[in-house]
2 protein chains.
Amino acid sequence: MQQQRTHVVIIGGGFAGLYAAQALARQPVQVTLVDRKNHHTFQPLLYQVATAALSPADIASPIRGILRQYRNVNVLLGEAAGFDLAARRVRLKEGPDLGYDYLIVAAGAGHAYFGHDEWAPLAPGLKTLEDALEIRRRVLLAYELAERRAAAGGETEPLNFVIVGAGPTGVELAGALAEIAHQALVRDFRAIDPTQARIVLLEGGPRVLPSYPENLSRSAEAQLRKLSVEVRTSTLVTAVEPGAVRLGDEVLPASVALWAAGVKASPLGAMLGVPTDGAGRVFVEPDLSIPGHKEVFVIGDLAAAKDEKGNFLPGIAPVAVQQGRAVARAVVRDREKKPRQNFVYLNKGSLATIGRAAAVADLPGGLRLSGLIAWLAWLFVHIFFLIGFRNRVLVMIQWAWAYLTFQRGTRLITGSTERSDGSGPAA
Amino acid sequence: MQQQRTHVVIIGGGFAGLYAAQALARQPVQVTLVDRKNHHTFQPLLYQVATAALSPADIASPIRGILRQYRNVNVLLGEAAGFDLAARRVRLKEGPDLGYDYLIVAAGAGHAYFGHDEWAPLAPGLKTLEDALEIRRRVLLAYELAERRAAAGGETEPLNFVIVGAGPTGVELAGALAEIAHQALVRDFRAIDPTQARIVLLEGGPRVLPSYPENLSRSAEAQLRKLSVEVRTSTLVTAVEPGAVRLGDEVLPASVALWAAGVKASPLGAMLGVPTDGAGRVFVEPDLSIPGHKEVFVIGDLAAAKDEKGNFLPGIAPVAVQQGRAVARAVVRDREKKPRQNFVYLNKGSLATIGRAAAVADLPGGLRLSGLIAWLAWLFVHIFFLIGFRNRVLVMIQWAWAYLTFQRGTRLITGSTERSDGSGPAA
């Protein structure tokens, strides 16, 4: 049965892969979705795990559970290690090859450290639940170690949190860290004053949220400053060291440094043997297939796809979702002997949150919002798209709790409570 | 100010230490609570984290947050490394000594592997959030790896989960693992049948729940068998190996082995230089102080304290809570120049849960319950004593969700998805 049906293999259970699988459910094809993790992560809320507002299970669900009702969809925990496009086979790191009729590669992206991979342990990025828990651990531990040092009569120099990169993730992290310092922890410590903590947001370009219209960037920067975040634009990081970030001649102390600056596509893109851009993203055809292989699609953050004006599409969830659905449609149309359609991205707008009742929204038709109304739009959209009714209820309760009490509910340090590599001088 | 007041140092933020700190709050003393973790863990529900029913943050709270409103209580993240009882100082592993007028040692207990510490990585126990997450990872990964092997056309021998020790924790783990196999995962897999998984509960003594009355042990065993758990009493483990547990000549396959058999008190007990029992617990005086040092108390799982009949008290939460409050009273009475009172344990009964609507309760006055009514009592007591209103609400919602859907909400594998040491042959 399985062998006779058209077999679609999907690599990656992020937004792109998951929505492709759902769109192929109950179609007369057999689907196998392979992911290195057993769960889909709702990445837009990952920073809330990193900043102790939500638990991992609130924003992640087992892929197997999401797809359980679709009997034509199999899920495998595994890691793609290479392709044989001629033989139409995917090689898995553990276990045998997987044959396919169609291949959808949606392996996503990781962090780019501008050729300085040695900075990675010193300034972790935020792509996975593990990343988020590591950031949470470092941030909470910095306060604990400072309190211990101060209680022992030591010097009490203020904590410094440095975020490199002022895209949406950097802005969200900076805003949340400021709220932790000024609201959540304010009565928790005896020897240190958390409100003295310095939150510095560094951006190489001339403004925060570079992909947004200029007036929204200005609004976001004003909202960040209101939260006591120091915003420094046109500032290039020249080195990350244990306890400090170097900006040319200036040494900026960093109890904790976080990386939200660069993105590097999964190495699986290059393994397809077709041209990629500087970040390793695969140049795709208008139907999202790769040159010379109509049966192989690349979608999501791994794809360098263009909109109708010839601009490359950003690596955001709505693009991935629409691409996932589009390639599923292409497979179905092939089977129905209908011509494929080119992928057209329907821009529904962008939202970035900054803090409590602080956000910016860039909506279609030139509608631009900021402040409370943008924040309410952000809340609504994120609850709406979060996977699972249970998760939606739990997240709403926790947001309501946090809103009413100014508290963050998941301030747990799990893992080592020793100083980690590069978490700074707060030992 | 701090130096002039009587200074009480508490080592450990479990039930004993935390309730001692709360009972000393707003008294005219200065309190410093030291713990290696930043959070109090509600240990009675730890098995629900290990079996993917609850998130870590549902059953753990930052100690600093719990005690924030008590201005005379300081919390320090740190590890006690030794004592100078003559000078009345605690040595911390990192940082300087802490001087005290009163010392309350409530450092708890870990696992005992009967002199075979090499079994620990092969069969993890359940004392911390990290333990719980590791067990969850191993259990979920065993299913994933079996599915991958079976999907690749390999042999599909059933999974084997072996739990060593049938005290309350072992019984709870066995019941929960049976429910995962028979209910939560039943429609999730395509190549394997989770209901074929074998759950084996091993007990060295003649019956499960040895500390309960015999008829409740019989009831618990019957309820376990109804959940398809294989119960084997009077069975001694002679070795734990990768993928198997040895019972004399018999080799029992174990995709995952879990340890719930023995307890070993914190090594801090022995560092006090007073007599301890075989498990390292400190023999305490009737007022819970140690011989020769009225200003030093040992409470909770680290103490070998007796009830009025001369029987040693078990290492359970109600004993720890009552002891914590008792030593706080002793400190206050000393200051008021009143004589101390001997500690008397007020037995409010024991509850052990087995599964959905399955539990046993041994209540004062010879009242013994089992089945649904014991389970409802268990639910009520655990919600009631869980720390934090937010946690209570979240746990109730998740229990209701699990009850209605038979689902477990936190089936996340975080950390490595590679085979771990000794997690069995399911590679």
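Nothing here was measured: the structure is a model prediction, and the numbers come from that model. (Residues numbered from 1 in each chain as written. Chains lettered and ligands numbered in written order. Predicted model: local features only at pLDDT ≥ 70, side-chain atom pairs only at ≥ 80, totals over all residues.)

Undergrad: Please clarify how the overall build of chain A should be interpreted in this entry.
TA: For chain A, the count of helices and strands is eleven helices and 25 strands. In terms of principal-axis extent, the alpha carbons of chain A reach across some 75 × 50 × 45 Å. Taken over 427 residues, chain A has a buried fraction of 53%. (Helix = DSSP H or I, 4+ residues; strand = E, 2+ residues; numbered from the N terminus. Buried ≥ 20, exposed ≤ 12 C-beta atoms within 10 Å, placed from the backbone.)

Undergrad: When you look at the sheet that holds strand E5 (residues 73-77) of chain A in this model, what are you seeing that I'm missing?
TA: Sheet strands pair via backbone hydrogen bonds, and the direction of the pair is either parallel or antiparallel. All names here are of chain A. Spatially, E5-E2-E1-E9-E21-E20 is the arrangement adopted by the six strands of the open sheet, whose pairing is mixed. Strand pairing shows two members of the sheet lacking a second neighbour, E5 and strand E20 (289-290), which therefore form its edges. Judged from the two bridges that link them, E20 and strand E21 (residues 293-298) form a sheet pairing that is antiparallel. Following the sheet pairing, Ser289 is matched in E21 by Phe297. (Pairing = 2+ DSSP bridges.)

Undergrad: Please explain the interface of chain A and chain B as it appears in this structure.
TA: Interface size is commonly expressed as the accessible surface area that is lost when the partners come together. Taken together, the contacts link 41 residues of chain A with 41 residues of chain B. Elements supplying a minimum of two residues to the side of chain A that touches chain B: helix H3 (56-59), strand E4 (60-62), helix H4 (63-66), E5, helix H5 (129-151) and helix H11 (389-405) of chain A. Element by element, the count of residues in the side of chain A that touches chain B is highest for H5(A), at six residues. Of the residues belonging to the side of chain A that touches chain B, the class tally is 17 nonpolar, twelve polar and twelve charged. (Contact = placed C-beta atoms within 7 Å. Nonpolar A, V, L, I, M, F, W, Y, C, P; charged D, E, K, R; others polar.)

Undergrad: Got a minute to help me understand the domain arrangement of chain A in this structure?
TA: Split by domain assignment, chain A resolves into domain 1 (6-36 + 78-111 + 263-335) and domain 2 (117-261 + 350-405). Taking only C-alpha atoms into account, the centre of domain 1 of chain A sits 32 Å from that of domain 2 of chain A. (Domains from an automatic or database assignment.)

Undergrad: What should I look at first to understand the confidence of the model for chain A in this one?
TA: Where the model shows low pLDDT, its predicted coordinates should not be examined in detail. Taken residue by residue, chain A gives an average pLDDT of 93. The fraction at 70 or more is 97%. Overall, residues 421-427 of chain A carries pLDDT values under 50, and its contacts beyond four positions in sequence, including any with other chains, amount to 24 contacts. (pLDDT = per-residue confidence, 0-100.)

Undergrad: Looking at this structure, how should I read the nonpolar core?
TA: A general trend in soluble globular proteins is that nonpolar side chains are found buried together. Judged by nonpolar contacts, the single largest core of 173 residues is most densely connected at A:Val164 and B:Val164. Ignoring any residue separated from it by four or fewer positions in sequence, one finds A:Val164 in contact with A:Ala123, A:Leu202, A:Val237, A:Val245, A:Ala257, A:Leu258, A:Trp259, A:Ala260 and A:Ala261. (Core = buried A, V, L, I, M, F, W, Y, C linked by C-beta atoms within 7 Å.)

Undergrad: What exactly am I supposed to notice about helix H6 (residues 168-184) of chain B here?
TA: An α-helix turns once every 3.6 residues. As a result, residues three or four positions apart point the same way. Compared with the 24 Å implied by 1.5 Å per residue over 17 residues, the 22 Å span of H6(B) between its first and last C-alpha is a close match. Burial analysis of H6(B) places 15 of its 17 residues in the buried class, which makes it a mostly covered element. (Expected span 1.5 Å × (residues − 1).)

Undergrad: How should I be thinking about the relation of the copies chain A and chain B in this particular structure?
TA: Applying a rotation about an axis and a shift along it to one chain copy brings it onto the other copy. Taken as rigid bodies, chain A and chain B are interconverted by a rotation of 180° and an axial shift of 0.0 Å, the fit giving an RMSD of 0.0 Å. Given the turn and translation reported, the copies of this chain are related as if by a two-fold rotation axis. Same-surface contact between copies: 100% of interface residues of chain A are shared with the interface of chain B. (Least-squares fit on C-alpha atoms with pLDDT ≥ 70 in both.)

Undergrad: Help me out: how do you make sense of the pairing of strand E16 (residues 250-253) of chain B in this one?
TA: Residues and elements named next belong to chain B. Bridge count for strand E15 (residues 244-247) against E16 is four bridges, and the pairing is antiparallel. Within the sheet, the bridge partner assigned to Leu247 lies in E16 and is Glu250. Counting the residues that bridge the hairpin from E15 to E16 gives two residues, and of these Gly248 lies at a positive phi of roughly 60°.

Undergrad: So what exactly am I meant to see when it comes to the packing of helix H1 (residues 15-24) of chain A against helix H9 (residues 317-335) of chain A here?
TA: In helix packing, the relevant descriptors are the interaxial angle and the interaxial distance, both defined with respect to the helix axes. All names here are of chain A. Interaxial distance between H1 and H9 falls to 7 Å at its minimum, and their mutual angle equals 35°. The handedness of the crossing between H1 and H9 is right-handed. In this structure, H1 contributes Phe15, Ala16, Gly17, Leu18, Tyr19, Ala20, Ala23 and Leu24 to the contact, and H9 contributes Ala317, Ala320, Val321, Gln323, Gly324, Arg325, Val327, Ala328, Arg329 and Val331. Tallied by class, the residues present in the contact of H1 with H9 amount to 13 nonpolar, three polar and two charged. (Axes fitted to C-alpha atoms, helices over the stretch in contact; angles between N-to-C directions. Left-handed = near helix turned anticlockwise from the far one by under 90°.)

Undergrad: I tried to follow helix H9 (residues 317-335) of chain B on my own but got confused; where do I start?
TA: Residues and elements named next belong to chain B. For H9, built from 19 residues, the straight-helix expectation of 27 Å at 1.5 Å per residue is met to within 8% by its first-to-last C-alpha distance of 28 Å. Turning to H9, its buried residues number three or more, namely Val319, Ala320, Val321, Gln322, Gln323, Gly324, Ala326, Val327, Ala328, Ala330 and Val331. Turning to H9, the residues buried within the fold contact strand E1 (7-11), helix H1 (15-24), strand E9 (102-105), strand E21 (293-298) and strand E22 (303-304). One or two residues past the end of H9 sits Lys337, with phi positive at roughly 60°.

Undergrad: Explain the sheet that holds strand E8 (residues 98-99) of chain A to me, please; I cannot follow it from the model alone.
TA: All names here are of chain A. Here three strands make up an open sheet; going across it, the order is E6-E7-E8 and the pairing antiparallel. Each of the sheet's edge strands pairs with one partner strand only, and the pair in question is strand E6 (80-84) and E8. Judged from the four bridges that link them, E6 and strand E7 (residues 89-92) form a sheet pairing that is antiparallel. Residue pairing in the sheet places Asp84 in a bridge with Arg89 of E7.

Undergrad: Hey, could you run me through unusual backbone geometry in this one?
TA: Note: most residues except glycine have negative phi, and most peptide bonds are trans. All names here are of chain A. Within the chain, Arg88 stands out as a residue other than glycine whose phi angle is a positive 55°. Within the secondary structure layout, Arg88 lies in the loop between E6 and E7. Notably, Ala357 is not glycine yet its phi reads approximately 60°, a positive angle. Here Ala357 is to be found in the loop between strand E23 (350-355) and strand E24 (358-362). Using a count of 15 C-beta atoms within 10 Å as the deciding quantity, one classes Ala357 as partly exposed.

Undergrad: For this particular structure, what's the right way to read the pairing of strand E13 (residues 229-232) of chain A?
TA: Each regular strand displays side chains that alternate between the two surfaces of the sheet. All names here are of chain A. Covered by surrounding structure in E13 are Val229 and Val231 only, the residues Glu230 and Arg232 on the alternate face being uncovered. Here strand E12 (residues 198-202) pairs with E13 via four bridges, running parallel. Counterpart to Leu202 in the pairing with E13 is Arg232. In this fold, the crossover linking E12 to E13 by way of helix H7 (residues 214-226) has right-handed handedness. (Right-handed = clockwise from strand over helix to strand, strands pointing away.)

Undergrad: Before we go on, may I ask you to explain the environment of B:Ala328 in this structure?
TA: Residues and elements named next belong to chain B. Examined against the element boundaries, Ala328 turns out to sit in helix H9. Take Ala328: there are 25 C-beta atoms within 10 Å of it, and that puts it in the buried class. The spatial distance from the C-alpha of Ala328 to the C-alpha of Ile63 is 18 Å, given a sequence separation of 265 residues. Setting aside its immediate chain neighbours within four residues, Ala328 contacts Ala20, Ala23 and Leu24.

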